[in-house]
Amino acid sequence: MAKRLSASRSIARIPVFMALTLLPLVIGGALFSPGQQQSAQCAGHCQACYCDTHELRDGVDVCIVNGAPSACIGCVGACAAHDHCMAAPGVGGCGAYIAWARDSDCNATPEATNTPIPTVTPTPKPPTGCPVRTWVKVQKPGADIKYEPPYPLVARQDTTNTGFTLHFNVMGGWAKKYEQKPEQMCRTSGDTYPDDCPNDWRWVCVRRVIEQHNDPIVEVNLGMRLGDGVKEWIENNLGSRYYGATTQDDLPHVWQLYKGSGVMSWTDDFEYHPYDPGVHGGRLFVTTKGTPLNPPQKVSFPYTVPVYLWDATEGGN
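The structure contained in this document is the topic of the report that follows.

What counts and what doesn't
Residues numbered from 1 in each chain as written. Predicted model: local features only at pLDDT ≥ 70, side-chain atom pairs only at ≥ 80, totals over all residues. Heavy atoms only, no water. Pairing = 2+ DSSP bridges. Helix = DSSP H or I, 4+ residues; strand = E, 2+ residues; numbered from the N terminus. Axes fitted to C-alpha atoms, helices over the stretch in contact; angles between N-to-C directions. Phe/Tyr/Trp six-rings, centres within 6.5 Å; stacked < 30°, edge-to-face > 60°. Buried < 20%, exposed > 50% of the residue type's maximum accessible area, 1.4 Å probe, protein only. Lys NZ or Arg CZ within 6 Å of the ring centre and 35° of its normal. Disulfide = S-S within 2.5 Å. Salt bridge = Lys/Arg side-chain N within 4 Å of Asp/Glu carboxyl O.

With that settled, consider the sheet that holds strand E16 (residues 265-272). Spatial strand order, E10-E11-E16: three strands in an open sheet with antiparallel pairing. Where the open sheet ends on each side, the last strands, each with one partner, are strand E10 (142-148) and E16. On average, each strand axis in the sheet is inclined to that of its neighbour by 15°, with strand direction left out of account. Here eight bridges tie strand E11 (residues 164-171) to E16, and the two strands are oriented antiparallel to one another. Counterpart to Val-170 in the pairing with E16 is Trp-266.

Let us look at the packing of aromatic side chains. Counted according to the given criterion, the structure contains nine aromatic pairs. Here Phe-168 and Trp-266 contribute two aromatic rings whose centre-to-centre distance is 6.3 Å and whose plane-to-plane angle is 25°, an arrangement assigned as stacked. Of the two residues, Phe-168 sits in strand E11 while Trp-266 sits in strand E16, which places them 98 residues apart along the sequence. For the pair Phe-168 and Trp-266, a shared accessibility class is recorded, and that class is buried. Taking the centre distance of 6.0 Å and the plane angle of 65° together, the rings of Trp-255 and Tyr-272 count as edge-to-face. With a gap of 17 residues between them, Trp-255 in strand E15 (residues 253-263) and Tyr-272 in strand E16 connect regions that are remote in the sequence. For Tyr-272, a relative accessible area of 12% gives the class buried. Against the face of Trp-174 rests Lys-176, its NZ or CZ located 4.6 Å from the ring centre.

Right, let's get into the pairing of strand E12 (residues 173-186). Pairing geometry for strand E9 (residues 133-139) and E12, over seven bridges, is antiparallel. Within the sheet, the bridge partner assigned to Gln-139 lies in E12 and is Trp-174. With 14 bridges connecting them, E12 and strand E13 (residues 201-215) associate as antiparallel partners. By the bridge assignment for E13, Gly-173 is matched with Asp-215.

On to the state of the cysteines. With the rule as written, the count across this model stands at seven disulfides. The disulfide partner of Cys-49 is Cys-72, and the S-S distance across this bridge is 2.0 Å. Taking the sign of the S-S torsion, 110° for the link of Cys-49 and Cys-72, the bridge is right-handed. One end of the pair, Cys-49, is in strand E2 (residues 45-51); the other, Cys-72, is in the loop between strand E5 (68-69) and strand E6 (73-81), with 23 residues separating them in the sequence. A relative accessible area of 4% means that Cys-49 is categorised as buried.

Right, let's talk about the pattern of salt bridges for a bit. Taken as a whole and judged by the stated rule, the model has six salt bridges. Salt bridges sharing partners connect three or more residues here, namely Lys-181, Glu-183 and Arg-208.

Structure below.
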């Protein structure tokens, strides 16, 4: 059966293994009784398994390979005695920490000397083009702004008292934290490393989301003003034909449309009755709550609404 070895025992095996191969039993006397020495009838190879190092996590000894928890990697040990497999770091393809060695491979049988030596495949190194790193991506809020009717009139000519209505549909933002690192994966799709493919895997550069948060809307304000040049056009152009023509809308102005604890989706309709012809526009100002990955965001979205004047009936009062 296979037995799990401690780190101290793994280190102690280096001189014992050398003693068995170069100076038989010179150092072995420190670890085996004479009876054990003379029972070493099996001189073949046996299966062992190694880790780069090991850590104690929640009371469990965890194998570490290439800096991450992993199943151990197979290597070759030597039979030191009947039912006694020995393995040492740096020998037989074994790494720094011997996780276990299989004693049952050292049961002497007539066929034991004919057992072929297992081929040891060294663990390939992680790809150099996949450095381990993390980064954060922040998505800004989005907004859709529409208006109706398509041709709004100034209030004094608007017999239906319609004015114009702004339709707002605002979406909150989000923040995600990504991680990139090389991972061992089975070559066969659907299989899981290492249980399904301890010897048939490859390095894959993996990018995944390791943290994500919604960034809700906490405040929405609407700013409106007359377009550039509208005031001059009303007072100069219209004023030359309609005595005393001047701007009448109380603009620029800012209205607070929403303030609260936070929502991911916000919709509203804002009705306005313009007294001045020309472009009415401005910006919708949106503030978010922020997340553990980013501070509150302040963004704005432009809009314009053309307001029309039936020149034949408009006076300048």
